[in-house]
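Chains, contacts and geometry: an overview
Below are the chains, spelled out letter by letter.
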Amino acid sequence: MTKTSSEETTPAIFIIFGGTGDLCRRKIIPALYNLYLENRLCQNFAIIGTGRSELTDVNYRNTLLEGVNEFSRRGKANKEDWSKFASNISYQIADIKDAASYQAFGSKIDALKTDWKLNPSITYYCAVAPDLFCTIAENISKSKLENDPDTTRIIVEKPFGRDLESAKELNKRLLTIFNEKQIYRIDHYLGKEVVQNIMAFRFANAIMEPLWNRNHIEHVQISVTEQIGIEDRGSYFESAGILRDMIQNHLLQLLCTIAMEPPINFDADVVRDRKVEVLHAMRKIVPGKIDMIAARGQYGPGWVEGKKVPGYREEKNVDPNSNTETYAALKFYVDNWRWQGVPFYLRTGKRLFKSASLITIQFREIPHNMFNKEEGNVPKQNRLVISIQPDMGIRFQLESKTPGLEMSLNTVDMVFDYAGKSKSDSPEAYETLLLDIISGDQTLFMRADQVESAWELIMPVLDYWAKSGTANFPNYPADSWGPENAEALIAKDGFHWFNLPEKK
Ligand code: BG6
């Protein structure tokens, strides 16, 4: 997990399939550019973007620059830095489906190797629709592009499959060409700064572990709410839904990070073993009881910040009678010694009142209240609130005496808020992840068995929701906190969903 600097990194060639796409412009190139500015890329690096359009290198670089100017956390690029960085970028027109197109990459790789007189790592980045992942892998193999197991890597974006069966098939096909150590399945939530901090917070503090179990924790909430709708991704979202889009990957990975046993070291497989154990320990969802542990919703039209916004069914490329869910809430249990009986509530949705990714850990009530109840002194349960975004921080909500002559209790926050660090100071998830790929560190990437276990867990809900079609949608307006059935799901256990506490 030690991050490398430019002197230590090996020369690297990135071949980006989908080089003219949105992901490349918004995330991949801004991340690589920031790594370059941080001196984290080796002097010898090359980025080869591919696409179907006819583009010169200069045109291609210009479109990427626009992306950097618009999306980089550092804002507009400095001219000189950009032009040095961009001199390492080239464009190669290619038809991903045609193996003959791949010869051009081979020639470029050979030319760079001869020029550098070095043996670079080669990273094939599949920033394309998922149905093309295997085509790319198979064409790399057919055209005998470099595939040295020690230096060649392939990056696969999510969604990784659309159910257990397709994920297994995808793994099987990729694994006939690359070995597991070469495959980097991205879940960008794992690269987020605060998510990485959970490991430090849990395992570098002696006071946390003794509390981190069923004896002290009453329940856990993992909530990723988004204000945005589905934007221009109607056709993708229609066939995905939020259970596939967010819960199968991001939210379950957050749950694993919270619930995992302490790994003995930071080796990628040791950490991933501990996470996959959580998925294996999760209580199987029983088909007949899904309505008791899962709630779904779809947003209707409404007003957001003074603007009228369409309902999901009115979005572009969406069926006007669609039953696709844009909101999901689920309750899980992890059946092991540490977590027996502790509910984990997960919720996520689009077009909600606020965007916030939060993990809240609610501790149990104190066993005996020695304070004067009549004077309103009923200590509130302690909470640990891990705020991933947009505010980054970890706050402990504790009870304290209000200053004054009376013994009067009050909730106070002990806050670690990345003081002095603005969002633009912290590396974006993609920076962390790309640097890890360059260094060959798979800790923050999904292993084949992790992805499959996550699919296996949610399959009964996916099947049930697909079969029980009529879902009375839309059932929540834009700018709300989601559907009533999600409130009921948690309320029947005596809890309510937590939102980010107001700053004091
Ligand atoms: C993506 C989902 O994986 O994560 C999107 O496909 C979602 O639907 C996005 O909006 C959320 O990521 P972030 O980093 O903005 O919280």
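Everything below is about the structure shown above.
Residues numbered from 1 in each chain as written. Predicted model: local features only at pLDDT ≥ 70, side-chain atom pairs only at ≥ 80, totals over all residues. Heavy atoms only, no water.

Some remarks on the sheet that holds strand 13 (residues 343-349)
- Across the sheet, which stays open at both edges, the eight strands sit in the order 8-12-13-7-14-15-16-17 with mixed pairing between neighbours. In this open sheet, the two edge strands, each paired with only one partner strand, are strand 8 (294-297) and strand 17 (409-416). When strand polarity is set aside, the average angle formed by the axes of neighbouring strands in this sheet is 15 degrees.
- As paired strands, strand 8 and strand 12 (residues 327-333) are joined by four bridges and run antiparallel to one another. Bridge assignment links alanine 295 to a residue of strand 12, and that residue is alanine 329. (Pairing = 2+ DSSP bridges. Helix = DSSP H or I, 4+ residues; strand = E, 2+ residues; numbered from the N terminus. Axes fitted to C-alpha atoms, helices over the stretch in contact; angles between N-to-C directions.)

A look at the site of the ligand
- Around the ligand, the neighbouring residues are Lys158, His188, Tyr189, Lys192, Glu226, Arg233, Asp245, Met246, His250, Lys350 and Gln389.
- A distance of 2.5 Å is found between an oxygen atom of the ligand and a side-chain nitrogen or oxygen belonging to tyrosine 189.
- Measuring from an oxygen atom of the ligand, one finds a side-chain N or O atom of glutamate 226 at 2.7 Å.
- Here the ligand, which alone exposes 390 Å², has 78% of that area covered by the protein.
- Tallying contributions element by element places helix 9 (residues 242-259) first for the shell around the ligand, with three residues.
- Per-class residue counts for the shell around the ligand are two nonpolar, three polar and six charged. (Near = heavy atom within 4 Å. Polar contact = N/O pair within 3.5 Å; in protein donor to acceptor, adjacent residues only side chain to side chain. Areas by Shrake-Rupley, 256 points an atom, 1.4 Å probe, with all protein chains shown as cover. Nonpolar A, V, L, I, M, F, W, Y, C, P; charged D, E, K, R; others polar.)

Notes on helix 10 (residues 268-281)
- With 14 residues, helix 10 extends 20 Å between its outermost C-alpha atoms, agreeing within 8% with the 20 Å of an ideal straight helix rising 1.5 Å per residue.
- Extensive coverage of helix 10 is indicated by the burial of ten of its 14 residues.
- Three or more residues of helix 10 are buried, namely Ala268, Val270, Val271, Arg272, Arg274, Lys275, Val276, Val278, Leu279 and Ala281.
- Taken together, the buried residues of helix 10 touch helix 7 (193-203), helix 9, strand 12 and helix 13 (448-467). (Expected span 1.5 Å × (residues − 1). Buried < 20%, exposed > 50% of the residue type's maximum accessible area, 1.4 Å probe, protein only. Contact = heavy atoms within 4.5 Å.)

Quick look at the side chain of arginine 73
- Note that arginine 73 resides in the loop between helix 2 (57-71) and helix 3 (79-86).
- A polar side-chain atom of arginine 73 sits 3.3 Å from the main-chain carbonyl oxygen of serine 426.
- Within the local environment of arginine 73, its side chain forms a polar contact with the side chain of glutamate 431, the two groups lying 2.7 Å apart.

Examining the sheet that holds strand 5 (residues 152-156)
- With parallel pairing, the six strands of this open sheet are ordered in space as 3-2-1-4-5-6. The open sheet is flanked by strand 3 (89-93) and strand 6 (183-185), the only strands paired with a single partner. Direction aside, the axes of adjacent strands within the sheet are offset by 20 degrees on average.

Some thoughts on the pattern of salt bridges
- This structure, assessed with the given rule, holds 23 salt bridges.
- Close ionic contact of glutamate 209 with arginine 338 constitutes a salt bridge, the shortest N to O distance being 3.0 Å. Of the two residues, glutamate 209 sits in the loop between helix 7 and strand 7 (217-225) while arginine 338 sits in the loop between strand 12 and strand 13, which places them 129 residues apart along the sequence.
- When the shortest N-O distance is used, the salt bridge between arginine 233 and aspartate 245 registers 3.9 Å. Of this pair, arginine 233 sits in the loop between strand 7 and helix 8 (234-240) while aspartate 245 sits in helix 9; the two residues are twelve residues apart in sequence, bridging distant segments of the chain.
- The partly exposed category is assigned to arginine 233, whose relative accessible area is 36%. (Salt bridge = Lys/Arg side-chain N within 4 Å of Asp/Glu carboxyl O.)

What to know about the packing of helix 9 against helix 13
- Taken N-terminus to C-terminus, the directions of helix 9 and helix 13 make an angle of 140 degrees; their axes are 10 Å apart at the nearest point. In terms of axis orientation, helix 9 runs oblique to helix 13. In terms of crossing hand, the pair formed by helix 9 and helix 13 is right-handed. Across the interface between the two elements, Leu243, Arg244, Gln248, Leu252 and Gln253 of helix 9 pack against Gln450, Val451, Ala454, Trp455, Leu457, Ile458, Val461, Leu462 and Trp465 of helix 13. (Parallel < 35°, antiparallel > 145°, perpendicular 65-115°, else oblique. Left-handed = near helix turned anticlockwise from the far one by under 90°.)

Some words on unusual backbone geometry
- Omega for the peptide link from lysine 158 to proline 159 comes to 5 degrees, which places this bond in the cis form.
- Note on placement: proline 159 falls in the loop between strand 5 and helix 6 (164-177).
- Backbone torsion omega between phenylalanine 473 and proline 474 reads -10 degrees, so that peptide bond is classified as cis.
- Within the secondary structure layout, proline 474 lies in the loop between helix 13 and strand 18 (476-477).
- One non-glycine residue, lysine 144, lies in positive phi territory at about 55 degrees.
- As for its placement among the helices and strands, lysine 144 is situated in the loop between helix 5 (133-142) and strand 5.
- Judged by its relative accessible area of 72%, lysine 144 falls in the exposed class.

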